[in-house]
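Reading the structure
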There are 2 protein chains.
Amino acid sequence: MDYYSGYISKLIEELSGLPGIGAKTATRLAFHILDMPTEHVEELANAMVNAKANVKYCKTCCTLTDQEQCPICSSPQRDHRTIMVVESTKDMAAYEKVGEYKGVYHVLHGAINPMAGIGQNDIRLKELFQRLKEDIDEIIIATNSSVEGEATAMYISKVVKPLGIKVTRIASGVPVGGDLECIDNITLLRALQGRVVI
Amino acid sequence: MDYYSGYISKLIEELSGLPGIGAKTATRLAFHILDMPTEHVEELANAMVNAKANVKYCKTCCTLTDQEQCPICSSPQRDHRTIMVVESTKDMAAYEKVGEYKGVYHVLHGAINPMAGIGQNDIRLKELFQRLKEDIDEIIIATNSSVEGEATAMYISKVVKPLGIKVTRIASGVPVGGDLECIDNITLLRALQGRVVI
């Protein structure tokens, strides 16, 4: 990296640290940034620093927000007796984009993954179980359909069911528009096991 | 983008403005940045602002550098009578990585492209022709092997040749390790036209 000015090399190095950005992409981005007007570069840099400085966890559902309590948790229009448990703020946003769900959320920020050393105390499960002391009708588990997501779902259901709270899991099956021949065996099996009367 | 805190949305929006980064990648990067330690985020932001503030054009060859004159132009070890003309600082770095070339460079910052409205006055050609007033033995044109790069090469050669300076163009042909059947017709034709006695 001695071929560039120290400032350019430093920028390329920093950008290469981002996920999915290799040396070539980082170089391309660095030169693009050098080509941008100064005020745009400052805006981009400030957006990073400001987001990092102001975004924290919602005290109730643990999603990333800039308020003490996120807009969903503080909304009287939402059904606070139904909690959907998701792995990340992005997953919560995915369901919010659908717009149909009227309950509240709980964001775990990960899933149980013993292989990676992530146990039940490393994700926001304690905060979820704390919420069960209030009147809750249903816990909808919407962790990913991966081994880790399933393990997390099992663990939550094992803890919550004895409390007499209804625990459900979002359906697993063939995605809408999915071509059967392109879908993996486990999904096909799940779709068969989870068949519904029409 | 109302599903996220304003700070997160702003960060996603800013990142989406970078080339090759769509909404999904920008979201992934934004959440990665939120997950980074504060000092790393500040380092990344500062790298951008500092690069933009300190990097300027070399007064001789127009490459991007943080000095008045770049290290290559100010080096007495380089042959200042041979100038390689390239389209970008990245192209210059590519040849510097090879390490064999001992002359100096001239960076055009683009190529003539009438379709995009880029004429000879929009790239650093004036600065190149200015340099020809000194003793120059050879101009090696290493613009890209694209229509724009070729047009630029033709234009330079037309201006420089009448001055009695040797003008050369880097060879065009089959890349080393290239499989003939995978190479396009024009490259194959060029390779045939440019054949050398062995």
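For the structure, see preceding data.
Note on numbering: residues in each chain are counted from 1, in written sequence order. Naming scheme: in the order in which they are written, chains are lettered from A and ligands are numbered from 1. Local features are withheld for residues below a pLDDT of 70 in this predicted model, meaning they are given only at 70 or higher, and side-chain atom pairs are given and counted only at 80 or more; totals for whole chains, interfaces and linings count all residues. With hydrogens and water excluded, all non-hydrogen atoms of the structure serve as input to the side-chain values.

Describing the relation of the copies chain B and chain A
Both copies of the chain are related through a single rotation about an axis accompanied by a shift along the same axis. You can overlay chain B on chain A at an RMSD of 0.0 Å; the transform is a turn of 180° with a shift of 0.0 Å along its axis. Such a combination of rotation and displacement between the chain copies is what one expects of a two-fold axis. For chain B, the minimum C-alpha distance to the rotation axis belongs to Ala45(B) and amounts to 2.2 Å. When you check the interface residues of chain B against chain A, 100% turn up at the interface there too, and the contact is symmetric in its surfaces. In this comparison the copies share one frame, found by least squares on the C-alpha atoms of residues holding pLDDT of at least 70 in both. Residues count as neighbours in contact if any of their non-hydrogen atoms are within 4.5 Å of one another.

A look at helix 3 (residues 38–54) of chain A
Helix and strand definitions follow DSSP, with helices as H or I runs of at least four residues and strands as E runs of at least two, each counted in order from the N terminus. The span one expects for a helix is its residue count, reduced by one, times 1.5 Å. In this model helix 3 of chain A runs 24 Å from its N-terminal to its C-terminal C-alpha over 17 residues, within 8% of the 24 Å that 1.5 Å per residue would give. When a residue's accessible area, from a 1.4 Å probe over protein chains only, is under 20% of the maximum for its type it is buried; when over 50% it is exposed; and in between it is partly exposed. Along helix 3 of chain A, the positions that sit buried rather than exposed are Val41(A), Leu44(A), Ala45(A), Ala47(A), Met48(A), Ala51(A) and Lys52(A). Buried residues of helix 3 of chain A fall within an arc of 145° about the axis and therefore sit on the same side. Residues of helix 3 of chain A that are exposed and point more than 90 degrees away from the buried face comprise Glu39(A) and Ala53(A). Those residues of helix 3 of chain A that are buried are in contact with helix 2 (23–35) of chain A together with helix 1 (6–16), helix 2 (23–35) and helix 3 (38–54) of chain B. Comment: arc refers to directions from the helix axis out to C-beta atoms.

Some remarks on the sheet that holds strand 3 (residues 79–86) of chain A
Each strand in a sheet pairs with another by means of backbone hydrogen bonds, the pair being arranged parallel or else antiparallel. Residues and elements named next belong to chain A. DSSP calls a pair of strands paired once it identifies at least 2 bridges connecting them. Strand order in the open sheet formed by four strands is 4-3-5-6, and the pairing between neighbours is parallel. The open sheet has two edge strands, strand 4 (103–107) and strand 6 (166–169), and neither has a second partner. The average undirected angle you get between the axes of adjacent strands in this sheet is 25°. Judged from the four bridges that link them, strand 3 and strand 5 (residues 138–141) form a sheet pairing that is parallel. Directly across from methionine 84, in strand 5, lies its bridge partner isoleucine 140. Docked against the sheet, helix 4 (residues 89–98) engages strand 3 and strand 4, running at close to 160° with respect to strand 4. Axes here mean lines fitted to C-alpha atoms, for a helix over just the part in contact, with angles spanning 0 to 180 degrees between N-to-C directions.

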